[in-house]
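Listed below are the residues making up each chain.
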Amino acid sequence: MAWEVKQVLFVAPTLLLITTFFTHLESPRWLISKFRLTEAEDVMLDAAEINNFPLQNTACLIQDLKDVFAKAPPQVTFTEAQDHLLSGVSIRKHAFGTFALYFSLVYALRAVNMLTVMRNEPRVKQAAFVVTLLWYPAMIHLLRKVTMRKFIIACFSLLGVLMCLLSLLITFEATVVSDVFLVLAKALSAPANVVFVAYTLELFPTGVRGTAAGWVFAAGATGALFASASLTLRKDMHQHATLAAAATFLFASVLAQRALPTDTTAECAMISSRRESAASRKVMKHMKSSLETPATPRLN
């Protein structure tokens, strides 16, 4: 069986996931956090019936929640960023955005990997391995200072530039220089892939996270399929065109990232904790300075 047919067979079952957008129930935890107790009750009772869990126990639990909310409604407030992340319209927009982005990233990643194999140069593979290992600590350090979205935008932009340069270098048969840029592109695309997967998993609420991740990976598999097909049909003639297409996809993805939020839910929590820590440090500093200040002598 040809590899193209195998790729199609692997990707085709993911089309069944489209039904989950219409049939998947929302998470009761999320519904309760939004004070939609009636909908949460329906979901919990359906889940209890499916899992053969005693309905009376579920009903008692729901009634206890209603009593707690009636006596003292929880004062839960969401920041604008968190509310944006949890809205249904935003979730759909984020989903389509991540599909396009991961398609572009995996397209470029597969093109770079296949070009490395076609070169059959051990030094290129070894250099790419070493540079990638060195790039991972730098990635961890950068993620402590910037959000994942900013990191992804920077990686996509740099990869787009590298793809453009590689396309030109291959056209003019500059082998040595193209090998250097190939190593850089390979070293940059692998960490970008890791960060993007982590960003995707943190972007979506628990109820739709699995479905969204499955669709994102399907989009990536489709990108790999297109890159493999474009390079395999005519190896020598289509290398520069494949790289140029990868650069176009990556630059378009940078523009598409405007639809994605600046911070994920986890990053919102981290930012909030950092602000609280900063405020605590200021209070402690003030207390320390007040204790160290010598008392003013009283005049009789």
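Residues numbered from 1 in each chain as written. Predicted model: local features only at pLDDT ≥ 70, side-chain atom pairs only at ≥ 80, totals over all residues. Heavy atoms only, no water.

A few words now on helix H12 (residues 239–256). In this model, H12 (18 residues) spans 26 Å end to end at C-alpha, consistent with the 26 Å of a helix rising 1.5 Å per residue. Every buried residue of H12 is accounted for by Gln 239, Thr 242, Leu 243, Ala 246, Ala 247, Leu 250 and Ser 253. The buried residues of H12 occupy an angular sector of 140° when projected down its axis, which confines them to one face. Seen from the open side of H12, the exposed residues pointing more than 90 degrees away from its buried face are Thr 248 and Leu 255. (Helix = DSSP H or I, 4+ residues; strand = E, 2+ residues; numbered from the N terminus. Expected span 1.5 Å × (residues − 1). Buried < 20%, exposed > 50% of the residue type's maximum accessible area, 1.4 Å probe, protein only. Arc of directions from axis to C-beta.)

Leu 105, Met 163, Ala 185 and Phe 196 are the most contacted members of the largest nonpolar core, which totals 48 residues. Of all elements in the fold, only helix H7 (88–119), helix H8 (122–143), helix H9 (148–171), helix H10 (175–203), helix H11 (206–233) and H12 reach the threshold of two or more residues within this core. Residue contributions to this core peak at 13 residues, all from H7. Among all residues touching Phe 196, those that are not within four sequence positions of it are Thr 98, Leu 101, Tyr 102, Leu 105, Ile 152 and Val 216. In this structure, Leu 37, Ala 40, Ile 62 and Phe 69 belong to the second largest nonpolar core, which totals nine residues. (Core = buried A, V, L, I, M, F, W, Y, C linked by side-chain atoms within 4.5 Å. Contact = heavy atoms within 4.5 Å.)

Together, Val 161, Leu 165, Leu 168, Phe 172 and Phe 251 line one region of the surface with nonpolar side chains, adding up to about 480 Å² of accessible area. Mapped onto the fold, Phe 251 is located in helix H12. Overall, the relative accessible area of 35% leaves Phe 251 in the partly exposed class. (Patch = residues over 30% accessible without salt bridge, like charges linked within 9 Å, V, L, I, M, F, W, Y side chains within 5 Å. Areas by Shrake-Rupley, 256 points an atom, 1.4 Å probe, with all protein chains shown as cover. Salt bridge = Lys/Arg side-chain N within 4 Å of Asp/Glu carboxyl O.)

Right, let's get into the UniProt feature "transmembrane region" (unreviewed entry) in the protein. According to UniProt, the "transmembrane region" (unreviewed entry) feature falls on residues 6–25, 95–115, 151–174 and 213–231. Here residues 95–115 is 100% helix and 0% strand, with 30 Å between the C-alpha atoms at its ends. A helix fraction of 100% and a strand fraction of 0% characterise residues 213–231, whose end C-alpha atoms lie 27 Å from each other. (UniProt positions renumbered as here; feature names shortened; annotations may be inferred.)

As a further point, take the packing of H9 against H10. Running from N to C, H9 and H10 cross one another at 155°; their axes reach a closest spacing of 9 Å. On the basis of their axis angle, the class for H9 and H10 is roughly antiparallel. Crossing angle aside, the handedness with which H9 passes H10 is left-handed. Across the contact of H9 with H10, the residue classes tally to 22 nonpolar, two polar and two charged. (Axes fitted to C-alpha atoms, helices over the stretch in contact; angles between N-to-C directions. Parallel < 35°, antiparallel > 145°, perpendicular 65-115°, else oblique. Left-handed = near helix turned anticlockwise from the far one by under 90°. Nonpolar A, V, L, I, M, F, W, Y, C, P; charged D, E, K, R; others polar.)

With that settled, the discussion passes to H9. Here H9 spans 34 Å end to end across 24 residues, near enough to the 34 Å set by a 1.5 Å rise per residue. Looking at the residues trailing H9, positive phi occurs at Glu 173, about 60°.

What follows covers the packing of aromatic side chains. Counted by the stated rule, this structure contains 11 aromatic pairs. Aromatic pair Phe 156 and Phe 196: ring centres 6.4 Å apart, planes at 35°, arrangement tilted. Here the residue Phe 156 occupies a position in helix H9, and Phe 196 occupies one in helix H10, the gap between them amounting to 40 residues. For Phe 196, a relative accessible area of 0% gives the class buried. With centroids separated by 6.5 Å and ring planes inclined at 40°, the aromatic side chains of Phe 196 and Tyr 199 adopt a geometry described as tilted. Residue Phe 196 and its partner Tyr 199 are both found in helix H10; the two are separated by three residues, about one turn of the helix. Among the aromatic residues, those joined into a cluster by ring pairs are Tyr 102, Phe 156, Phe 196, Tyr 199 and Phe 217. (Phe/Tyr/Trp six-rings, centres within 6.5 Å; stacked < 30°, edge-to-face > 60°.)

Turning to the pattern of salt bridges, a few remarks are in order. This model, assessed by the stated rule, comprises two salt bridges. A salt bridge links Arg 36 to Glu 39, with the nearest nitrogen and oxygen atoms 2.8 Å apart. Judged by relative accessible area, which is 33%, Arg 36 ranks as partly exposed. Among the salt bridges present, the one from Arg 123 reaches Asp 179, with a minimum N-O distance of 3.7 Å. Pair noted here: Arg 123 is in helix H8 and Asp 179 is in helix H10, with a separation of 56 residues, a long-range link.

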